[in-house]
Amino acid sequence: MPNRFKRWWTGASWNEKLMYVLIAALAIGIATRWRFVLDEVGEAFRNIFMR
């Protein structure tokens, strides 16, 4: 399996490699910020119903 991945990675162009790295970074960024967004939405709804 590692050899197959290495062969695939070395066969990919520079643009493909950059695209995969950017997709991974974007997915990680969304995943880490998603928790913050859910907390903010929850707090907003809590404030609405606690008045």
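These lines cover the structure that appears in this document, whether it is placed above or below. For clarity, every value in this text was computed on a predicted model and none was experimentally measured.

Things to note about the side chain of Lys 17
Thought 1: Mapping Lys 17 onto the fold places it in helix α2 (residues 14-49).
Thought 2: One buried charge, Lys 17, has no salt-bridge partner; the nearest side chain with opposite charge is Glu 16, at 8.2 Å.
Thought 3: Sequence-distant contacts of Lys 17, defined by excluding residues within four places in its chain, comprise Trp 9, Thr 10 and Ala 12.

Let's talk about the packing of helix α1 (residues 2-11) against α2
Thought 1: Relative to each other, α1 and α2 sit at 115°, their axes nearing to 8 Å. Counting all contacts with α1, which are made through Trp 8, Trp 9 and Thr 10, the residues of α2 involved are Lys 17, Tyr 20 and Val 21.
Thought 2: In terms of residue class, the contact of α1 with α2 is built from 4 nonpolar, 1 polar and 1 charged.

What counts and how
Residues numbered from 1 in each chain as written. Predicted model: local features only at pLDDT ≥ 70, side-chain atom pairs only at ≥ 80, totals over all residues. Heavy atoms only, no water. Helix = DSSP H or I, 4+ residues; strand = E, 2+ residues; numbered from the N terminus. Buried < 20%, exposed > 50% of the residue type's maximum accessible area, 1.4 Å probe, protein only. Lys, Arg positive; Asp, Glu negative; His and termini not counted. Salt bridge = Lys/Arg side-chain N within 4 Å of Asp/Glu carboxyl O. Contact = heavy atoms within 4.5 Å. Axes fitted to C-alpha atoms, helices over the stretch in contact; angles between N-to-C directions. Nonpolar A, V, L, I, M, F, W, Y, C, P; charged D, E, K, R; others polar.

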